[in-house]
Amino acid sequence: MRSSAAPSRRPRPDPTSVADTARPRARRGAPAPGRRPLRTARRVAVGALALLLALVAPTAPGGRPAAATPAGTNGTALPEQRNGGDRLYVGSANPDAVLVVDPAAGDVVRTVPVDAPPSDLAASPDGGRVYALTRAGAQAVVTVIDTADGGVVATFPARDRDAFYLDVTSDGSMLVVKAVAGDTLTVLDAATGELHGTVDLGVRTLRPVSTDDGRTLLPAAAAPEVLVVDAAELSVGTARLPSPAALLRPTGGRLLLVDQGDQRLLRDLDAGTFEVLWEARTEVAHGDAAVSAGPDDPVYAVRVDEDAVSAIDRETGAASAVPVGAGPTALAVSGDGRRVFALNARESSISVIDAAAGEVSATLDLPGEHAPVMTHLVRAGSG
């Protein structure tokens, strides 16, 4: 480390804010039709950012992923971490793996081999599992990692050969996967990998985002609307957004929206009604990489063409630049909100930003033989 001074059924969408549509169709139990490693240690995959905040859960007997303890919703507390420790999970290529990083120790504590560079990573809400989506040949595969010991506890097909995006529902019971340009959402049982069903969305959407009230949101790719899916019921409705979204990210009962047409415009939306609660024009210039610990905390975003991260004050909209390593591409926030982690793809490192001081406090070097996949920096608890 280099120091540096500088329940099984979730609530349906609120009928006051989401209009059911007849266009989408759900098919229960019907599977959808059935990458090369990155070329050098400094070339990275292109895709969407996967960032989650999560805590820790037990393992079921027999090594199969346990059905996760339901996460808190509507402001209730999540289960307590076993030891309060953060772990960062980084997708890697050449060799293909998931790197497990301990920020406190400043080191990679485990390397989990997978069959191809991960296109997406997601953590269960209680932190007991990290899911890696890979595609080797014609089949997309989900690898399930137990965060307590870093072992692979299950591997199963993603049921969509073109699957690229992956997320976990707020109770941890289901996975949702979809292709980049696809208009179908595939829902899997997170414990067994069995197909729960598919949902025809009817339009092309961006990556799925699960909120803490049990919904899965998919912003339309070219319209100011969001599709609202109940993964358990395989039902879908639509709601209007103030503008097309380049990014929607849950932040404690709100949604952080980065405008698709003007990525320097940030908005906070009410997660239930999608009404605008706050907006600011800032120095942000990288819509995919923006995070916040909560609705009252600063927003952090990667700055385009700069080796820096913007720290944006929610009250004033003022942004200050925090210099980090070369080529920052993904961000995550620690469980206590005191640190922000920036994955620097061009130099294979992670910058640790002290949120109070507004500067980098340490830099974690990743193994030189690994090429970090720029889309991944997932935080989960440790065992």
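About the cut-offs
- Residues numbered from 1 in each chain as written.
- Predicted model: local features only at pLDDT ≥ 70, side-chain atom pairs only at ≥ 80, totals over all residues.
- Heavy atoms only, no water.
- Helix = DSSP H or I, 4+ residues; strand = E, 2+ residues; numbered from the N terminus.
- Buried < 20%, exposed > 50% of the residue type's maximum accessible area, 1.4 Å probe, protein only.
- Areas by Shrake-Rupley, 256 points an atom, 1.4 Å probe, with all protein chains shown as cover.
- Core = buried A, V, L, I, M, F, W, Y, C linked by side-chain atoms within 4.5 Å.
- Pairing = 2+ DSSP bridges.
- Polar contact = N/O pair within 3.5 Å; in protein donor to acceptor, adjacent residues only side chain to side chain.
- Axes fitted to C-alpha atoms, helices over the stretch in contact; angles between N-to-C directions.
- Salt bridge = Lys/Arg side-chain N within 4 Å of Asp/Glu carboxyl O.
- Phe/Tyr/Trp six-rings, centres within 6.5 Å; stacked < 30°, edge-to-face > 60°.
- Lys NZ or Arg CZ within 6 Å of the ring centre and 35° of its normal.
- Contact = heavy atoms within 4.5 Å.
- Patch = residues over 30% accessible without salt bridge, like charges linked within 9 Å, V, L, I, M, F, W, Y side chains within 5 Å.
- Lys, Arg positive; Asp, Glu negative; His and termini not counted.
- Charge placed at Lys NZ, Arg CZ, Asp CG, Glu CD.

**Student:** Lay out the overall build of the chain in plain terms, naming residues and giving numbers.
**Tutor:** When helices and strands are tallied, the chain shows zero helices and 32 strands. Counting across all 383 residues of the chain, residues that qualify as buried make up 57%. For the chain, the exposed area adds up to about 14,700 Å²; of that, 49% sits on carbon and sulfur atoms.

**Student:** Got a sec to walk through the nonpolar core? Specific residues and values, please.
**Tutor:** Ranked by internal contacts, the top residues of the largest apolar core, which has 17 residues, are Tyr-131, Leu-133, Val-142, Phe-156, Leu-166 and Leu-175. In terms of nonpolar packing, the next biggest core, distinct from the first, is built from 15 residues, Val-90, Phe-341, Leu-343 and Ile-350 among them.

**Student:** Lay out the pairing of strand β8 (residues 129–136) with the relevant residues and their values.
**Tutor:** When you tally the buried positions in β8, you get six out of eight residues, the bulk of the element. The pairing of strand β7 (residues 120–123) with β8 spans four bridges and is antiparallel. Paired with Ala-123 across the two strands is Val-130, which belongs to β8. The loop that links β7 with its antiparallel partner β8 comprises five residues; one of these, Gly-127, has a positive phi angle of about 80°.

**Student:** Now, about unusual backbone geometry: what can you tell me, with residues and values included?
**Tutor:** Trans is the common state for peptide bonds, and a negative phi is the common state for residues other than glycine. A cis geometry characterises the amide bond from Asn-94 onward to Pro-95, with omega recorded as 5°. Positive phi values are uncommon outside glycine, yet Asn-94 reaches one of about 55°. Looking at the element boundaries, Asn-94 is found in the loop between β4 (86–93) and β5 (97–102).

**Student:** Lay out the side chain of Asp-146 with the relevant residues and their values.
**Tutor:** Within the secondary structure layout, Asp-146 lies in strand β9 (residues 139–146). A polar contact is formed between the side chain of Asp-146 and the backbone nitrogen of Ala-148, at a distance of 2.8 Å.

**Student:** Talk me through the sheet that holds strand β21 (residues 265–270); I want residue IDs and the actual numbers.
**Tutor:** The sheet built from four strands is open, its strands ordered β19-β20-β21-β22 with antiparallel pairing. Across the chains shown, the open sheet's two edge strands, defined by having one partner strand only, are β19 (245–250) and β22 (276–281). The average angle at which neighbouring strand axes cross in this sheet is 20°, direction not considered. Bridge count for β21 against β22 is five bridges, and the pairing is antiparallel. If you follow Leu-269 over to β22, its bridge partner there is Val-276.

**Student:** Explain the pattern of salt bridges to me, using residue names and the numbers behind them.
**Tutor:** Opposite charge on two side chains makes pairing possible when the charged atoms of those side chains draw close. The final tally for this structure, using the stated rule, is 13 salt bridges. Of the charged contacts, one joins Asp-86 and Arg-339 as a salt bridge, the two residues approaching to 3.2 Å between their closest N and O atoms. With a gap of 253 residues between them, Asp-86 in strand β4 and Arg-339 in strand β28 (residues 339–344) connect regions that are remote in the sequence. Salt bridges sharing common partners tie together Arg-254, Asp-268 and Arg-314.

**Student:** Describe the sheet that holds strand β26 (residues 319–323), and please don't skip the residues or the numbers.
**Tutor:** If you trace the four strands from one edge of the open sheet to the other, you get β23-β24-β25-β26, paired in antiparallel fashion. With one partner strand each, in any of the chains shown, β23 (290–292) and β26 form the two edges of the open sheet. When strand polarity is set aside, the average angle formed by the axes of neighbouring strands in this sheet is 25°. Two elements, strand β25 (residues 308–312) and β26, share five bridges in a ladder whose sense is antiparallel. Within β26, the position partnered with Ala-311 by the bridge is Ser-320.

**Student:** How would you summarise the packing of aromatic side chains if you had to cite specific residues and measurements?
**Tutor:** For the structure on display, the rule yields one aromatic pair. With a centroid separation of 5.5 Å and an interplanar angle of 80°, the aromatic rings of Phe-164 and Tyr-165 are classed as edge-to-face. With relative accessibility at 14%, the residue Phe-164 sits in the buried group. According to the relative accessible area criterion, Tyr-165 is buried, its value standing at 10%. It is Arg-314 that lies over the ring of Trp-278; its NZ or CZ is 5.6 Å from the centre.

**Student:** Which residues make up the environment of Thr-216, and what values do they have?
**Tutor:** Mapped onto the secondary structure, Thr-216 falls in strand β16 (residues 216–219). Here Thr-216 falls in the buried class, since its relative accessible area comes to 0%. Leaving out residues up to four positions away in the same chain, Thr-216 has contacts with Thr-169, Val-176, Pro-208, Val-209, Ser-210, Leu-227, Val-228 and Val-229. In terms of polar contacts, Thr-216 uses its side chain to reach the side chain of Ser-210, at 3.5 Å.

**Student:** An account of a negative patch on the surface is needed here, citing residue identities and associated values.
**Tutor:** A contiguous patch of negative charge, built from Asp-296, Asp-297, Asp-313 and Glu-315, is present on the exposed surface. Mapped onto the elements, Asp-296 comes out in the loop between β23 and β24 (299–302). On the basis of relative accessible area, Asp-296 is assigned to the exposed category, the value being 71%.

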